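The primary structure of each chain is shown beneath.
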Amino acid sequence: MDWVFLSELAINGALTGLLYSLFAIGLVLIYKASSVPNLAQGGLTMVGAYVVLALARDVGLPLWLAIPLAAVVMFGLGFGIERVALRRLAGRPVVMILMLTLGLDIFLRGTTLAIWGGTSRSMELGVSYDPLFFDDIFISRIHLVGAGVALALFVAFMLFFRTRTGIKLRAIADDYMASWSVGISVERGVGLSWALASVVAVAAGVIWGEIQGVDQALSLLLLKGLTVAVLGGLDSILGAVIAGIILGVVENVVSDFLDPLVGGGSRELIVAAVLILTVMIRPHGLFGRHDIERV
Amino acid sequence: MQEKVEAQNILSMNSVEVLYDNVILAIKGVSVQVPKGEMIALLGSNGAGKSTTLKAISGLLKAERGRISRGEITFQGVDITEALAQERVEMGICHVIEGRRVFEHLTPDENLTAAAPRGMSRSTLNAEKDKIYGYFPRLAERKSSQAGYLSGGEQQMLAIGRALVTQPKLLMLDEPSLGLAPFLVEEIFGILQKINKDEGLSVLLVEQNALAALEIVSQGYLIENGRVVMHGTAEALKSNSDIQEFYLGGGETDFHNVKHYSRRKRWLS
Ligand SMILES: Nc1ncnc2c1ncn2[C@@H]1O[C@H](COP(=O)(O)OP(=O)(O)OP(=O)(O)O)[C@@H](O)[C@H]1O
Ligand SMILES: [Mg+2]
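Residues numbered from 1 in each chain as written. Chains lettered and ligands numbered in written order. Predicted model: local features only at pLDDT ≥ 70, side-chain atom pairs only at ≥ 80, totals over all residues. Heavy atoms only, no water.

- As annotated in an unreviewed UniProt entry, chain B is ABC transporter ATP-binding protein from Thalassobius vesicularis.
- Per UniProt, the comment on chain B under Sequence similarities (unreviewed entry) is "Belongs to the ABC transporter superfamily." (UniProt positions renumbered as here; feature names shortened; annotations may be inferred.)

- Per an unreviewed UniProt entry, the recorded name for chain A is Amino acid/amide ABC transporter membrane protein 1, HAAT family, and the organism is Thalassococcus halodurans.
- Looking at the Subcellular location (unreviewed entry) heading of the UniProt record, one finds this comment for chain A: "Cell membrane".
- Regarding chain A, the UniProt comment filed under Sequence similarities (unreviewed entry) reads as follows: "Belongs to the binding-protein-dependent transport system permease family. LivHM subfamily."

What follows is the structure, given as structure tokens:
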């Protein structure tokens, strides 16, 4: 057994996993407020990346300005989605909201195709492609940066949920009716959670755009992101972080063993197995809250 | 004359009709007045329309696809019939909804924070919390545990405390005694009475437990089948033979007859 190789697999798996977490944090934010997995999170991530590129390439702004500006634009878009679409669905079955997010994802993909076409564009963050070496283990720099962003967002949101606004959002996640009864604006809270998730989408879009290029395929990150969110418990940000690391490590290490046996492609199978097994064996995920049963 | 009455009543509800889903007529012309600084009870059996009446006042009807189809509600002389729930809370109406719906995954302290009005300073919020913990010392003891695991009585206290953070002028409570042991009901009602006295808070109390409610209120309304069928002082209601028979557990009727009575009455009207 080659321990150096194994730790390299595990460490890079964990870093990739944190990039899944980066995506999944957006899903968790919306799930907390609306109790639906946002099927448009992939679309938002893709749009986030396109907006950064539009500001950087087409308008010609420097990246350090284009990224925060894109975050502001996406923040507004998130609020707008609640205002225009979600608010009309208040009180309808959750499955309708789910279908709405699916429609939104298709819409966003179509819109980017119409505006920017389907050719992949590169992000060019300026992060070197030369790997870092720790002893004999090599690590991708952009993955390290992305993992750092994911952890920073994690800390930021943990702190945010202790502020008064954050507490109100958690209250909304618990009980709409009780929230209304004490004057909390549930609509604004849901809008805020979409806005924050859209900002997270910019972060994920920039990092993933750098890794795999910016095109419609970015929206397919939803599949892994959703798997991580479900494994983490859907409403737990800590869960999303830990589940991301677990999925990343398992995927990297296990596929290295399996790929030679099955002739490649085992990554997808591992992700599928994690998703299906979680739903079957532990539907609340690792850190999902159980509804408290009291008489 | 009219103006004088308005000035005395913090809340005035006139011939209000409520429709759910545009077809179900849940209350049919209910008129209720709450004089400033008084405690008023709204009594009635299951399905009479008590909760609907409170939701009409707090604006929570909208969340259940209900609407006021006739009549009007004024609060401190202002017509609020069309106001949003949030605006009504800002004006000073707070509704402690049925079933002690505390924010289960938050601590009691966070439950109180969640209800803080926009713009309330941290020091005011802390002062409010201290006052509430003063009224409900049991909450202070458990302020950092998860609210979902509090006992029923503690959750009810928390629901009331949470409403108090909004600094209401009119507090409406929907069956706060439900499922609580008699000593707890007494404790909570005692505290309500104290808050009413200390702060001049007006209270509209919905109860099926008429016996307990009539001990602390000055007047009561009896609702049956979406209509007010009786209104009087607490003393008058307590001595009314119908009320004694059907709501205070007096008289010679047994439980089955009470059911029968209310059902018959509902079908007839
Ligand atoms: N959301 C709703 N949609 C449709 N009908 C409703 C709704 N809520 C209440 N109703 C109907 O309105 C009537 C009055 O209900 P309401 O809840 O106001 O009664 P209540 O006096 O509070 O009863 P309880 O003591 O059981 O709480 C009932 O016939 C009920 O079925
Ligand atoms: Mg009721």
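After that view of the structure, there is still more to cover.
### Remarks on the sheet that holds strand S7 (residues 170-174) of chain B
Residues and elements named next belong to chain B.
Here is step 1 of the chain: Strand order in the open sheet formed by 6 strands is S6-S7-S8-S3-S9-S10, with mixed pairing between adjacent strands. The open sheet is flanked by strand S6 (93-96) and strand S10 (227-233), the only strands paired with a single partner. This sheet shows a mean twist of 15 degrees between the axes of neighbouring strands, independent of strand direction.
Here is step 2 of the chain: Judged from the 5 bridges that link them, strand S3 (residues 39-43) and strand S8 (residues 202-207) form a sheet pairing that is parallel. Note on S8: the bridge partner recorded for isoleucine 40 is leucine 204.
Here is step 3 of the chain: Against the sheet, helix H7 (residues 152-165) contacts S6 and S7, and its axis sits at roughly 165 degrees relative to S6.
Here is step 4 of the chain: Most of the contacts of helix H8 (residues 182-199) go to S3, to which it runs at about 140 degrees, and overall it touches S3, S7 and S8. (Pairing = 2+ DSSP bridges. Helix = DSSP H or I, 4+ residues; strand = E, 2+ residues; numbered from the N terminus. Axes fitted to C-alpha atoms, helices over the stretch in contact; angles between N-to-C directions. Contact = heavy atoms within 4.5 Å.)

### Focus: the packing of aromatic side chains
Residues and elements named next belong to chain A.
Here is step 1 of the chain: For the coordinates displayed, the defined rule picks out 7 aromatic pairs over all chains.
Here is step 2 of the chain: Plain terms: the ring middles of tyrosine 50 and tryptophan 116 are 4.8 Å apart, the flat faces sit at 5 degrees to each other, and that makes the pair stacked. Taken together, the positions of tyrosine 50 in helix H2 (residues 41-58) and tryptophan 116 in helix H4 (residues 94-116) put the pair 66 residues apart, joining distant regions of the chain.
Here is step 3 of the chain: Taking relative accessible area as the criterion, tryptophan 116 reaches 24% and is therefore assigned partly exposed. (Phe/Tyr/Trp six-rings, centres within 6.5 Å; stacked < 30°, edge-to-face > 60°. Buried < 20%, exposed > 50% of the residue type's maximum accessible area, 1.4 Å probe, protein only.)

### Here we look at the site of ligand 1
Residue and element names in this part refer to chain B.
Here is step 1 of the chain: In the vicinity of ligand 1, 15 residues are found, and the nearest of them are Gly47, Lys50, Ser51, Thr52 and Glu98.
Here is step 2 of the chain: Between ligand 1 and asparagine 46, the relevant distance is 2.8 Å, taken from an oxygen atom to a side-chain nitrogen or oxygen of the residue.
Here is step 3 of the chain: Contact distances for ligand 1 include 2.5 Å between an oxygen atom and a side-chain N or O atom of threonine 52.
Here is step 4 of the chain: If one sorts the elements of the shell around ligand 1 by residue count, helix H2 (residues 50-58) sits on top with 3 residues.
Here is step 5 of the chain: Broken down by class, the residue content of the shell around ligand 1 amounts to 4 nonpolar, 7 polar and 4 charged. (Near = heavy atom within 4 Å. Polar contact = N/O pair within 3.5 Å; in protein donor to acceptor, adjacent residues only side chain to side chain. Nonpolar A, V, L, I, M, F, W, Y, C, P; charged D, E, K, R; others polar.)

### Let's talk about the coordination of the magnesium ion (ligand 2)
Residue and element names in this part refer to chain B.
Here is step 1 of the chain: Looking at the metal site, the magnesium ion (ligand 2) is ligated by Ser51 (OG) and Glu98 (OE), spaced 1.9 to 2.6 Å from it. Residue serine 51 is found in helix H2, and its partner glutamate 98 is found in the loop between S6 and helix H4 (108-114); the two are separated by 47 residues along the sequence.
Here is step 2 of the chain: Judged by relative accessible area, serine 51 falls into the buried class, the value being 14%.
Here is step 3 of the chain: The partly exposed category is assigned to glutamate 98, whose relative accessible area is 34%. (Donors = N, O, S within 2.8 Å, 3.2 Å for Na, K, Ca; no water.)

### A word on the pattern of salt bridges
Here is step 1 of the chain: The tally for this structure, following the rule as stated, stands at 20 salt bridges over all chains.
Here is step 2 of the chain: Note that arginine 70 of chain B is salt-bridged to glutamate 17 of chain B, the shortest N-O span being 2.9 Å. Placement of arginine 70 of chain B in strand S4 (residues 66-75) and of glutamate 17 of chain B in strand S1 (residues 9-20) is noted, with a sequence separation of 53 residues between them.
Here is step 3 of the chain: On the accessibility criterion, arginine 70 of chain B (45% relative accessible area) is partly exposed.
Here is step 4 of the chain: Accessibility expressed as a relative area gives 18% for glutamate 17 of chain B, which makes it buried.
Here is step 5 of the chain: One salt bridge in this structure joins lysine 131 of chain B and glutamate 128 of chain B, with 3.6 Å as the shortest N-O distance. Separated by 3 residues within a single helix, lysine 131 of chain B and glutamate 128 of chain B lie in helix H5 (residues 122-135), roughly one turn from each other.
Here is step 6 of the chain: With relative accessibility at 9%, the residue glutamate 128 of chain B sits in the buried group.
Here is step 7 of the chain: In the salt-bridge network here, residues are joined through shared partners; they are Arg162 and Arg170 of chain A together with Glu110 of chain B. (Salt bridge = Lys/Arg side-chain N within 4 Å of Asp/Glu carboxyl O.)

### A look at the UniProt feature "transmembrane region" (unreviewed entry) in chain A
All names here are of chain A.
Here is step 1 of the chain: UniProt marks residues 12-31, 62-81, 93-117, 137-161 and 226-249 with the feature "transmembrane region" (unreviewed entry), using the numbering shown here.
Here is step 2 of the chain: Here residues 12-31 runs as 100% helix and 0% strand, with 28 Å between its end C-alpha atoms.
Here is step 3 of the chain: A helix fraction of 92% and a strand fraction of 0% characterise residues 93-117, whose end C-alpha atoms lie 35 Å from each other.

### As for helix H3 (residues 63-84) of chain A
Here is step 1 of the chain: Compared with the 32 Å implied by 1.5 Å per residue over 22 residues, the 30 Å span of H3 of chain A between its first and last C-alpha is a close match.
Here is step 2 of the chain: In this structure, the buried residues of H3 of chain A make contact with H2, H4 and helix H8 (186-212) of chain A. (Expected span 1.5 Å × (residues − 1).)

### What about the interface of chain A and chain B?
Here is step 1 of the chain: Tallying the contact residues gives 23 residues for chain A and 35 residues for chain B.
Here is step 2 of the chain: Taking both sides of the interface into account, the surface hidden between chain A and chain B amounts to around 2,500 Å²; carbon and sulfur atoms contribute 56%.
Here is step 3 of the chain: Our count for the chain A to chain B interface comes out at 3 salt bridges.
Here is step 4 of the chain: Put simply, glutamate 110 of chain B and arginine 162 of chain A hold a salt bridge, and the shortest N to O gap is 3.9 Å.
Here is step 5 of the chain: Our count for the chain A to chain B interface comes out at 7 residue pairs in polar contact (both at pLDDT 80 or more).
Here is step 6 of the chain: Ranked by residue count, the leading element in the side of chain A that touches chain B is helix H6 (residues 164-174) of chain A, at 6 residues.
Here is step 7 of the chain: Taken together, the residues that form the side of chain A that touches chain B break down as 8 nonpolar, 5 polar and 10 charged. (Buried area = accessible area lost by both parts, 1.4 Å probe.)

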